[in-house]
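# Descriptive analysis of the structure
Below, each chain spelled out in residue letters.
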Amino acid sequence: MAKLNLFIRICIAVLLVLGIIYVGSQVKFIFTPVLSLIRVVIVPLMLAVFFFYLLRPLINLLESRKLNRTVAILLVYLVIAVLLLGFSVGVWPSLRNQLMNLINNMPNVFTAVSAQLTRLEDSELLSGLIPADMNPAGQLVEYLNKGFSLITNSVSELISFVSNFAIVLFTFPILLFYMLKEGGRFGVKVVSFFPRRYHEEGAAVVADIDGALSGFIVGRVLVNLALGVLMYVGFLIIGLPYALLLTVVAVLMNFIPFIGAILSAVPIFIIGLIESPSTAIWSIVVVLVAQQIQDNLVAPYIFGKSLDIHPLTTIILVLAGGDFGGIIGILLIIPVYMIVKIIAVKLHQLYIRRRWPEEPQLSEEPGA
(Lines give C-alpha, C1' and ligand atoms only; values in the text may rest on other atoms or scores of the structure.)
Protein backbone atom coordinates (compact mmCIF):
# COMPACT_ATOMS: atom_id res chain seq x y z
CA MET A 1 0.00 0.00 0.00
CA ALA A 2 2.85 2.39 0.85
CA LYS A 3 4.51 1.74 -2.51
CA LEU A 4 1.19 2.34 -4.30
CA ASN A 5 0.75 5.68 -2.51
CA LEU A 6 4.28 6.66 -3.49
CA PHE A 7 3.55 5.78 -7.13
CA ILE A 8 0.38 7.91 -7.07
CA ARG A 9 2.31 10.84 -5.58
CA ILE A 10 5.00 10.57 -8.25
CA CYS A 11 2.35 10.48 -11.00
CA ILE A 12 0.64 13.56 -9.57
CA ALA A 13 3.98 15.37 -9.34
CA VAL A 14 4.81 14.52 -12.97
CA LEU A 15 1.38 15.72 -14.11
CA LEU A 16 1.80 18.97 -12.19
CA VAL A 17 5.22 19.56 -13.77
CA LEU A 18 3.83 18.88 -17.26
CA GLY A 19 0.92 21.22 -16.52
CA ILE A 20 3.28 23.98 -15.44
CA ILE A 21 5.36 23.49 -18.60
CA TYR A 22 2.22 23.66 -20.76
CA VAL A 23 0.95 26.82 -19.08
CA GLY A 24 4.40 28.38 -19.39
CA SER A 25 4.48 27.61 -23.13
CA GLN A 26 1.21 29.54 -23.54
CA VAL A 27 2.57 32.71 -21.93
CA LYS A 28 6.01 32.92 -23.55
CA PHE A 29 5.87 36.71 -23.63
CA ILE A 30 6.22 36.76 -19.84
CA PHE A 31 9.54 34.88 -19.98
CA THR A 32 11.03 36.73 -22.96
CA PRO A 33 12.65 39.51 -20.87
CA VAL A 34 14.02 36.91 -18.45
CA LEU A 35 15.55 34.89 -21.31
CA SER A 36 17.07 38.05 -22.79
CA LEU A 37 18.62 38.88 -19.43
CA ILE A 38 20.01 35.35 -19.14
CA ARG A 39 21.58 35.58 -22.60
CA VAL A 40 23.33 38.81 -21.63
CA VAL A 41 24.52 37.59 -18.23
CA ILE A 42 25.40 33.97 -19.05
CA VAL A 43 28.80 34.69 -20.68
CA PRO A 44 30.30 36.87 -17.92
CA LEU A 45 28.76 34.57 -15.30
CA MET A 46 30.35 31.49 -16.91
CA LEU A 47 33.72 33.22 -17.04
CA ALA A 48 33.37 34.37 -13.43
CA VAL A 49 32.55 30.85 -12.19
CA PHE A 50 35.38 29.36 -14.27
CA PHE A 51 38.04 31.73 -12.91
CA PHE A 52 36.53 31.62 -9.42
CA TYR A 53 37.40 27.94 -9.09
CA LEU A 54 40.82 28.51 -10.66
CA LEU A 55 41.78 31.44 -8.44
CA ARG A 56 40.05 30.53 -5.17
CA PRO A 57 42.84 28.18 -3.95
CA LEU A 58 45.40 30.93 -4.54
CA ILE A 59 43.29 33.55 -2.74
CA ASN A 60 42.74 31.17 0.19
CA LEU A 61 46.49 30.52 0.36
CA LEU A 62 47.29 34.24 0.43
CA GLU A 63 44.61 34.80 3.08
CA SER A 64 46.10 32.00 5.21
CA ARG A 65 49.39 33.95 5.09
CA LYS A 66 47.68 36.79 7.02
CA LEU A 67 46.98 38.86 3.89
CA ASN A 68 43.67 40.71 3.70
CA ARG A 69 41.33 38.93 1.27
CA THR A 70 40.50 42.07 -0.71
CA VAL A 71 44.19 42.95 -1.01
CA ALA A 72 44.92 39.36 -2.10
CA ILE A 73 42.30 39.56 -4.85
CA LEU A 74 43.64 42.89 -6.11
CA LEU A 75 47.18 41.48 -6.05
CA VAL A 76 46.09 38.49 -8.14
CA TYR A 77 44.31 40.86 -10.55
CA LEU A 78 47.58 42.80 -10.92
CA VAL A 79 49.53 39.61 -11.65
CA ILE A 80 46.94 38.56 -14.26
CA ALA A 81 47.19 41.99 -15.91
CA VAL A 82 50.98 41.62 -16.12
CA LEU A 83 50.62 38.12 -17.60
CA LEU A 84 48.11 39.38 -20.18
CA LEU A 85 50.50 42.16 -21.11
CA GLY A 86 53.31 39.65 -21.52
CA PHE A 87 51.07 37.44 -23.67
CA SER A 88 50.07 40.37 -25.89
CA VAL A 89 53.72 41.28 -26.41
CA GLY A 90 55.41 37.87 -26.56
CA VAL A 91 52.90 35.31 -27.84
CA TRP A 92 50.00 37.08 -29.54
CA PRO A 93 51.98 38.56 -32.48
CA SER A 94 53.23 35.12 -33.54
CA LEU A 95 49.79 33.56 -33.02
CA ARG A 96 48.09 36.34 -34.95
CA ASN A 97 50.57 36.06 -37.86
CA GLN A 98 50.00 32.30 -38.12
CA LEU A 99 46.23 32.80 -38.05
CA MET A 100 46.27 35.50 -40.73
CA ASN A 101 48.64 33.49 -42.94
CA LEU A 102 46.42 30.42 -42.66
CA ILE A 103 43.28 32.42 -43.54
CA ASN A 104 44.97 34.07 -46.51
CA ASN A 105 46.40 30.77 -47.76
CA MET A 106 43.18 28.77 -47.34
CA PRO A 107 42.54 28.43 -51.12
CA ASN A 108 46.14 27.24 -51.56
CA VAL A 109 45.62 24.80 -48.70
CA PHE A 110 42.71 23.14 -50.51
CA THR A 111 44.73 23.01 -53.73
CA ALA A 112 47.73 21.46 -51.99
CA VAL A 113 45.58 18.88 -50.23
CA SER A 114 43.91 17.94 -53.52
CA ALA A 115 47.33 17.58 -55.19
CA GLN A 116 48.63 15.34 -52.41
CA LEU A 117 45.55 13.12 -52.60
CA THR A 118 45.88 12.89 -56.38
CA ARG A 119 49.48 11.72 -55.98
CA LEU A 120 48.34 9.12 -53.47
CA GLU A 121 45.63 7.90 -55.86
CA ASP A 122 48.21 7.48 -58.63
CA SER A 123 50.66 5.62 -56.42
CA GLU A 124 51.03 1.88 -56.91
CA LEU A 125 50.15 1.22 -53.27
CA LEU A 126 46.66 2.73 -53.41
CA SER A 127 45.74 2.59 -57.10
CA GLY A 128 44.70 -1.05 -56.81
CA LEU A 129 42.65 -0.43 -53.65
CA ILE A 130 40.56 2.52 -54.90
CA PRO A 131 37.67 1.69 -57.28
CA ALA A 132 37.81 3.37 -60.68
CA ASP A 133 34.52 5.23 -60.21
CA MET A 134 35.65 6.87 -56.97
CA ASN A 135 37.34 10.26 -56.72
CA PRO A 136 38.58 10.63 -53.12
CA ALA A 137 40.45 13.86 -53.85
CA GLY A 138 37.41 15.64 -55.22
CA GLN A 139 35.16 14.29 -52.49
CA LEU A 140 37.55 15.35 -49.74
CA VAL A 141 37.94 18.85 -51.18
CA GLU A 142 34.17 19.10 -51.33
CA TYR A 143 33.96 18.03 -47.68
CA LEU A 144 36.67 20.54 -46.80
CA ASN A 145 34.71 23.33 -48.46
CA LYS A 146 31.62 22.31 -46.50
CA GLY A 147 33.70 22.10 -43.35
CA PHE A 148 35.19 25.54 -44.00
CA SER A 149 31.67 26.94 -44.42
CA LEU A 150 30.66 25.23 -41.18
CA ILE A 151 33.68 26.70 -39.40
CA THR A 152 32.79 30.14 -40.78
CA ASN A 153 29.27 29.79 -39.41
CA SER A 154 30.67 28.61 -36.07
CA VAL A 155 32.97 31.63 -35.96
CA SER A 156 29.98 33.85 -36.65
CA GLU A 157 28.16 32.13 -33.79
CA LEU A 158 31.21 32.64 -31.59
CA ILE A 159 31.32 36.32 -32.53
CA SER A 160 27.65 36.70 -31.58
CA PHE A 161 28.47 34.71 -28.42
CA VAL A 162 30.80 37.53 -27.32
CA SER A 163 29.16 40.34 -29.24
CA ASN A 164 28.43 42.32 -26.08
CA PHE A 165 32.16 42.55 -25.44
CA ALA A 166 31.88 45.69 -23.34
CA ILE A 167 29.36 43.98 -21.04
CA VAL A 168 31.61 40.93 -20.68
CA LEU A 169 34.72 43.06 -20.18
CA PHE A 170 33.28 45.17 -17.39
CA THR A 171 30.86 42.72 -15.78
CA PHE A 172 33.04 39.62 -15.57
CA PRO A 173 35.84 41.08 -13.37
CA ILE A 174 33.27 42.65 -11.03
CA LEU A 175 31.34 39.39 -10.65
CA LEU A 176 34.57 37.49 -10.12
CA PHE A 177 35.77 39.99 -7.50
CA TYR A 178 32.64 39.64 -5.37
CA MET A 179 32.57 35.86 -5.79
CA LEU A 180 36.17 35.61 -4.59
CA LYS A 181 35.51 38.08 -1.78
CA GLU A 182 32.51 36.12 -0.51
CA GLY A 183 34.50 32.89 -0.54
CA GLY A 184 32.50 30.09 1.05
CA ARG A 185 29.65 32.28 2.31
CA PHE A 186 27.59 31.67 -0.80
CA GLY A 187 27.09 28.03 0.16
CA VAL A 188 25.94 29.06 3.64
CA LYS A 189 23.36 31.42 2.11
CA VAL A 190 22.08 28.66 -0.18
CA VAL A 191 21.71 26.26 2.77
CA SER A 192 19.75 28.90 4.72
CA PHE A 193 16.88 28.53 2.21
CA PHE A 194 16.45 24.87 3.20
CA PRO A 195 14.11 23.90 6.05
CA ARG A 196 16.02 23.78 9.33
CA ARG A 197 15.82 20.01 9.63
CA TYR A 198 17.56 19.64 6.25
CA HIS A 199 20.41 22.09 6.91
CA GLU A 200 22.93 19.32 7.48
CA GLU A 201 21.98 17.44 4.30
CA GLY A 202 21.82 20.72 2.34
CA ALA A 203 25.31 21.69 3.50
CA ALA A 204 26.59 18.27 2.41
CA VAL A 205 25.01 18.64 -1.05
CA VAL A 206 26.42 22.15 -1.51
CA ALA A 207 29.86 20.94 -0.41
CA ASP A 208 29.70 18.00 -2.83
CA ILE A 209 28.66 20.25 -5.73
CA ASP A 210 31.37 22.76 -4.89
CA GLY A 211 34.03 20.04 -4.72
CA ALA A 212 32.86 18.42 -7.96
CA LEU A 213 32.88 21.70 -9.90
CA SER A 214 36.24 22.72 -8.46
CA GLY A 215 37.82 19.37 -9.30
CA PHE A 216 36.33 19.34 -12.81
CA ILE A 217 37.34 22.90 -13.78
CA VAL A 218 40.82 22.91 -12.24
CA GLY A 219 41.49 19.37 -13.44
CA ARG A 220 40.33 20.14 -16.97
CA VAL A 221 42.60 23.17 -17.20
CA LEU A 222 45.64 21.24 -15.93
CA VAL A 223 44.96 18.30 -18.25
CA ASN A 224 44.54 20.58 -21.28
CA LEU A 225 47.73 22.49 -20.48
CA ALA A 226 49.64 19.21 -20.26
CA LEU A 227 48.14 18.11 -23.57
CA GLY A 228 49.11 21.43 -25.17
CA VAL A 229 52.73 21.15 -24.05
CA LEU A 230 53.01 17.57 -25.34
CA MET A 231 51.44 18.39 -28.69
CA TYR A 232 53.45 21.58 -29.24
CA VAL A 233 56.75 19.83 -28.54
CA GLY A 234 55.76 17.00 -30.87
CA PHE A 235 54.71 19.41 -33.66
CA LEU A 236 58.03 21.25 -33.39
CA ILE A 237 59.95 17.96 -33.63
CA ILE A 238 58.17 16.89 -36.84
CA GLY A 239 58.26 20.42 -38.29
CA LEU A 240 54.50 20.91 -38.61
CA PRO A 241 53.51 24.36 -39.95
CA TYR A 242 51.34 26.59 -37.78
CA ALA A 243 52.37 24.54 -34.73
CA LEU A 244 51.44 27.18 -32.16
CA LEU A 245 48.06 27.96 -33.74
CA LEU A 246 47.11 24.28 -34.09
CA THR A 247 48.12 23.62 -30.50
CA VAL A 248 45.97 26.48 -29.21
CA VAL A 249 43.01 25.25 -31.28
CA ALA A 250 43.49 21.69 -29.98
CA VAL A 251 43.67 22.85 -26.35
CA LEU A 252 40.52 24.96 -26.69
CA MET A 253 38.66 22.18 -28.53
CA ASN A 254 39.67 19.71 -25.83
CA PHE A 255 37.40 21.55 -23.39
CA ILE A 256 34.61 19.78 -25.31
CA PRO A 257 34.77 16.28 -23.82
CA PHE A 258 35.59 13.40 -26.16
CA ILE A 259 34.33 15.04 -29.38
CA GLY A 260 36.72 18.00 -29.16
CA ALA A 261 39.79 15.75 -29.43
CA ILE A 262 38.46 14.23 -32.67
CA LEU A 263 37.50 17.57 -34.20
CA SER A 264 40.87 19.15 -33.40
CA ALA A 265 42.73 16.32 -35.18
CA VAL A 266 41.12 17.19 -38.55
CA PRO A 267 42.90 20.53 -39.19
CA ILE A 268 46.14 19.06 -37.83
CA PHE A 269 45.98 16.22 -40.36
CA ILE A 270 45.10 18.59 -43.22
CA ILE A 271 47.98 20.97 -42.49
CA GLY A 272 50.34 18.01 -42.19
CA LEU A 273 49.12 16.68 -45.54
CA ILE A 274 50.11 19.96 -47.19
CA GLU A 275 53.74 19.23 -46.34
CA SER A 276 53.71 15.52 -47.16
CA PRO A 277 51.77 12.36 -46.38
CA SER A 278 54.47 11.33 -43.92
CA THR A 279 54.09 14.62 -42.04
CA ALA A 280 50.33 14.06 -41.87
CA ILE A 281 50.85 10.58 -40.47
CA TRP A 282 53.41 11.78 -37.93
CA SER A 283 51.11 14.63 -36.85
CA ILE A 284 48.35 12.10 -36.09
CA VAL A 285 50.90 9.96 -34.24
CA VAL A 286 51.82 12.99 -32.11
CA VAL A 287 48.12 13.65 -31.37
CA LEU A 288 47.46 10.01 -30.45
CA VAL A 289 50.54 9.74 -28.23
CA ALA A 290 49.69 13.02 -26.46
CA GLN A 291 46.08 11.90 -25.98
CA GLN A 292 47.16 8.52 -24.60
CA ILE A 293 49.55 10.17 -22.14
CA GLN A 294 46.79 12.58 -21.14
CA ASP A 295 44.09 9.91 -20.75
CA ASN A 296 46.18 7.19 -19.06
CA LEU A 297 48.76 9.11 -17.03
CA VAL A 298 47.82 12.75 -16.48
CA ALA A 299 44.00 12.62 -16.22
CA PRO A 300 43.76 9.70 -13.73
CA TYR A 301 46.34 11.39 -11.50
CA ILE A 302 44.52 14.74 -11.54
CA PHE A 303 40.87 13.63 -11.58
CA GLY A 304 41.12 10.33 -9.74
CA LYS A 305 37.56 9.02 -9.50
CA SER A 306 35.95 12.46 -9.13
CA LEU A 307 34.80 12.49 -12.79
CA ASP A 308 32.87 9.23 -12.83
CA ILE A 309 31.03 9.65 -16.15
CA HIS A 310 30.83 6.87 -18.73
CA PRO A 311 32.21 7.84 -22.20
CA LEU A 312 28.88 6.94 -23.84
CA THR A 313 27.07 9.21 -21.38
CA THR A 314 29.54 11.98 -22.22
CA ILE A 315 28.86 11.68 -25.95
CA ILE A 316 25.09 11.74 -25.46
CA LEU A 317 25.33 14.74 -23.12
CA VAL A 318 27.55 16.72 -25.51
CA LEU A 319 25.25 16.02 -28.47
CA ALA A 320 22.18 16.98 -26.44
CA GLY A 321 23.86 20.12 -25.08
CA GLY A 322 24.88 21.21 -28.57
CA ASP A 323 21.36 20.65 -29.89
CA PHE A 324 19.69 22.60 -27.08
CA GLY A 325 22.17 25.39 -26.44
CA GLY A 326 24.91 25.47 -29.09
CA ILE A 327 28.37 26.33 -27.80
CA ILE A 328 27.06 27.38 -24.38
CA GLY A 329 25.12 24.14 -24.05
CA ILE A 330 28.18 22.03 -24.90
CA LEU A 331 30.31 23.84 -22.31
CA LEU A 332 27.67 23.69 -19.58
CA ILE A 333 26.20 20.23 -20.04
CA ILE A 334 28.83 18.22 -18.12
CA PRO A 335 28.86 20.51 -15.02
CA VAL A 336 25.04 20.61 -15.03
CA TYR A 337 24.92 16.82 -15.26
CA MET A 338 27.31 16.53 -12.31
CA ILE A 339 25.16 18.87 -10.21
CA VAL A 340 21.93 17.04 -11.09
CA LYS A 341 23.57 13.69 -10.35
CA ILE A 342 24.73 14.81 -6.91
CA ILE A 343 21.28 16.18 -6.03
CA ALA A 344 19.54 13.04 -7.34
CA VAL A 345 21.81 10.75 -5.29
CA LYS A 346 21.17 12.78 -2.13
CA LEU A 347 17.40 12.79 -2.70
CA HIS A 348 17.51 9.04 -3.22
CA GLN A 349 19.34 8.64 0.08
CA LEU A 350 16.88 10.89 1.90
CA TYR A 351 13.54 9.69 0.60
CA ILE A 352 14.10 6.15 -0.66
CA ARG A 353 16.72 4.51 1.51
CA ARG A 354 15.44 6.05 4.74
CA ARG A 355 11.80 5.07 4.10
CA TRP A 356 12.49 1.63 2.73
CA PRO A 357 15.81 0.45 4.14
CA GLU A 358 17.18 -2.65 2.58
CA GLU A 359 16.20 -5.75 4.48
CA PRO A 360 19.17 -7.47 6.07
CA GLN A 361 20.16 -10.61 4.27
CA LEU A 362 19.76 -13.76 6.36
CA SER A 363 22.88 -15.84 6.44
CA GLU A 364 22.44 -19.41 5.38
CA GLU A 365 22.78 -22.07 8.04
CA PRO A 366 25.79 -24.33 7.76
CA GLY A 367 25.06 -27.44 5.82
CA ALA A 368 21.92 -26.02 4.24
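Residues numbered from 1 in each chain as written. Predicted model: local features only at pLDDT ≥ 70, side-chain atom pairs only at ≥ 80, totals over all residues. Heavy atoms only, no water.

The number of helices and strands found in the protein chain is 14 helices and zero strands. Overall, the protein chain shows an N-to-C arrangement of helices and strands of α-α-α-α-α-α-α-α-α-α-α-α-α-α. Out of the 368 residues in the protein chain, the part that is buried amounts to 28%. Put simply, of all contacts in the protein chain between residues at least 6 apart along the chain, 71% involve residues at least 24 apart. Summed over its atoms, the accessible surface of the protein chain is roughly 24,400 Å², and 71% of this surface lies on carbon and sulfur atoms. (Helix = DSSP H or I, 4+ residues; strand = E, 2+ residues; numbered from the N terminus. Buried < 20%, exposed > 50% of the residue type's maximum accessible area, 1.4 Å probe, protein only. Contact = heavy atoms within 4.5 Å. Areas by Shrake-Rupley, 256 points an atom, 1.4 Å probe, with all protein chains shown as cover.)

Another point: the packing of helix H4 (residues 92–104) against helix H11 (residues 243–253). Where H4 contacts H11, the two axes come as close as 8 Å, and the packing angle between them is 95°. One way to sum up the angle between H4 and H11 is to call them roughly perpendicular. For the pair formed by H4 and H11, the contact residues are Ser94, Leu95, Gln98, Leu99 and Leu102 on the first element and Ala243, Leu244, Leu245 and Val248 on the second. The class makeup of the residues in the contact of H4 with H11 is seven nonpolar, two polar and no charged. (Axes fitted to C-alpha atoms, helices over the stretch in contact; angles between N-to-C directions. Parallel < 35°, antiparallel > 145°, perpendicular 65-115°, else oblique. Nonpolar A, V, L, I, M, F, W, Y, C, P; charged D, E, K, R; others polar.)

Within the element layout of this structure, valine 233 appears in helix H10 (residues 199–238). As a C-alpha pair, valine 233 and valine 286 span 53 residues in sequence and 9.2 Å in three-dimensional space.

Viewed as axis vectors pointing N to C, H11 and helix H12 (residues 259–275) meet at an angle of 165°, and their least axial separation amounts to 8 Å. What the angle tells us is that H11 and H12 run roughly antiparallel. As H11 packs across H12, the resulting crossing turns out to be right-handed. Here H11 contributes Leu246, Ala250 and Met253 to the contact with H12, which in turn contributes Gly260, Leu263, Ser264, Pro267, Ile268 and Ile271. (Left-handed = near helix turned anticlockwise from the far one by under 90°.)

Turning our attention to the confidence of the model for the protein chain. Per-residue pLDDT for the protein chain averages 76, and the proportion of residues at 70 or more is 72%. Per-residue pLDDT stays below 50 along residues 361–368; that stretch engages in zero contacts with residues further than four places along the chain or on separate chains. (pLDDT = per-residue confidence, 0-100.)

Compared with an ideal rise of 1.5 Å per residue, which puts 40 residues at 58 Å, H10 spans 58 Å between its outermost C-alpha atoms and is within 8% of the ideal. Of the residues one or two after H10, glycine 239 is the one with positive phi, at around 70°. (Expected span 1.5 Å × (residues − 1).)

A cluster of nonpolar side chains, namely Ile10, Val14, Leu15, Val17, Leu18 and Ile21, defines an oily patch on the protein surface of about 570 Å² accessible area. If you trace the backbone, isoleucine 21 turns up in helix H1 (residues 2–26). Classification of isoleucine 21 as exposed rests on a relative accessible area of 53%. (Patch = residues over 30% accessible without salt bridge, like charges linked within 9 Å, V, L, I, M, F, W, Y side chains within 5 Å. Salt bridge = Lys/Arg side-chain N within 4 Å of Asp/Glu carboxyl O.)

One non-glycine residue with positive phi stands out, namely lysine 66, at about 70°. On the accessibility criterion, lysine 66 (79% relative accessible area) is exposed. Even without being a glycine, tyrosine 242 presents a positive backbone phi close to 55°. Relative to the helices and strands, tyrosine 242 resides in the loop between H10 and H11.

Using the criterion set out here, one finds two salt bridges in the structure. Among the salt bridges present, the one from arginine 56 reaches aspartate 210, with a minimum N-O distance of 3.0 Å. Of this pair, arginine 56 sits in helix H2 (residues 28–64) while aspartate 210 is found in helix H10, placing the two residues 154 residues apart along the sequence. Residue arginine 56 is classed as buried on the basis of its relative accessible area, which comes to 14%. We classify aspartate 210 as partly exposed; its relative accessible area is 25%. A salt bridge links glutamate 63 to arginine 69; the nearest nitrogen and oxygen atoms lie 2.6 Å apart. For glutamate 63, a relative accessible area of 35% gives the class partly exposed.

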